[in-house]
Amino acid sequence: MSQTTVASPAKRALPPLMRLSDAAARQLSHLYKTAHAGQLLRISVTTKGCSGKAYDMEFVDAPTAGDEVIKDKDVTLLVDRKATLFLIGSEMDFQQSDFEEGFVFINPNEKGRCGCGESFHV
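Description of the structure in this document.

The rules behind these values
- Every chain's residues receive numbers from 1 upward, in the order its sequence appears when written.
- Local features in a predicted model are, by the rule used here, given only for residues with pLDDT of at least 70; side-chain atom pairs are given and counted only at 80 or more, and totals for whole chains, interfaces and linings are based on all residues.
- The side-chain values count all of the structure's non-hydrogen atoms but skip hydrogen atoms and water molecules.
- Strand pairing is assigned whenever DSSP identifies at least 2 bridges connecting the two strands.
- Strands here mean DSSP runs of E at least two residues long; helices mean DSSP runs of H or I at least four residues long; both are numbered from the N terminus.
- Burial classes: relative accessible area under 20% of the type maximum marks a residue as buried, over 50% as exposed, and values in between as partly exposed (1.4 Å probe, protein chains only).
- The contact criterion used is simple: two residues touch if any of their non-hydrogen atoms lie within 4.5 Å.
- For helices, the fitted line uses only the C-alpha atoms of the stretch in contact; every axis is such a line through C-alpha atoms, and the angle between N-to-C directions lies from 0 to 180 degrees.

## Remarks on the pairing of strand E2 (residues 40–48)
Alright, step 1. Here 9 bridges tie E2 to strand E3 (residues 52–60), and the two strands are oriented antiparallel to one another. Paired with Leu41 across the two strands is Phe59, which belongs to E3.
Alright, step 2. Summarising the sheet, E2 and strand E5 (residues 75–80) pair through 2 bridges and their orientation is parallel. By the bridge assignment for E5, Ile43 is matched with Val79.

## What about unusual backbone geometry?
Alright, step 1. Phi is positive for Lys73, close to 55 degrees, though the residue is something other than glycine.
Alright, step 2. Among the structural elements, Lys73 can be located in the loop between strand E4 (67–72) and E5.
Alright, step 3. Taking the relative accessible area as the measure of exposure, Lys73 reaches 40% and is therefore partly exposed.
Alright, step 4. Positive phi outside glycine occurs at Asp74, with the angle close to 65 degrees.
Alright, step 5. Mapping Asp74 onto the fold places it in the loop between E4 and E5.

## Let's talk about the side chain of Ser21
Alright, step 1. Relative to the elements of secondary structure, Ser21 occurs in the loop between strand E1 (18–20) and helix H1 (22–33).
Alright, step 2. Ignoring any residue separated from it by four or fewer positions in sequence, one finds Ser21 in contact with Lys73, Glu91, Met92, Asp93 and Phe94.

## Re the sheet that holds strand E6 (residues 90–96)
Alright, step 1. Ordered in space as E1-E6-E7, the 3 strands form an open sheet in which the pairing is mixed. The open sheet is flanked by E1 and strand E7 (101–106), the only strands paired with a single partner. Going from strand to strand, the sheet's axes swing by 25 degrees on average, the running direction of each strand aside.
Alright, step 2. Sheet strands touched by H1: E1, E6 and E7. Its angle to E6, the strand with the most contacts, is close to 75 degrees.

Okay, structure coming up:
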């Protein structure tokens, strides 16, 4: 009896969990050097709003066992492991206008947003 070897299919590269735009990296680096020195930004996804999910960000003193450590453009941030399926392939940007400024997410997994823009669904 002869054995047949079956080649496994080639694995495709997974997109990075998250990446930072240049503007987000600059702003986060500035925050790490000033008001939030010694802390890291943790990103999670919570249940909230009319579309069901919302991005949540908080500064923490250290990673926990439930955090994925992301390093991009010489900046480190944390992602709650429970949020990884919602965030894979996302980019965090920092945008400024005449009336507001803040971090925003460009997320290829989003299927829609609520009218006020506070929540999303996948």
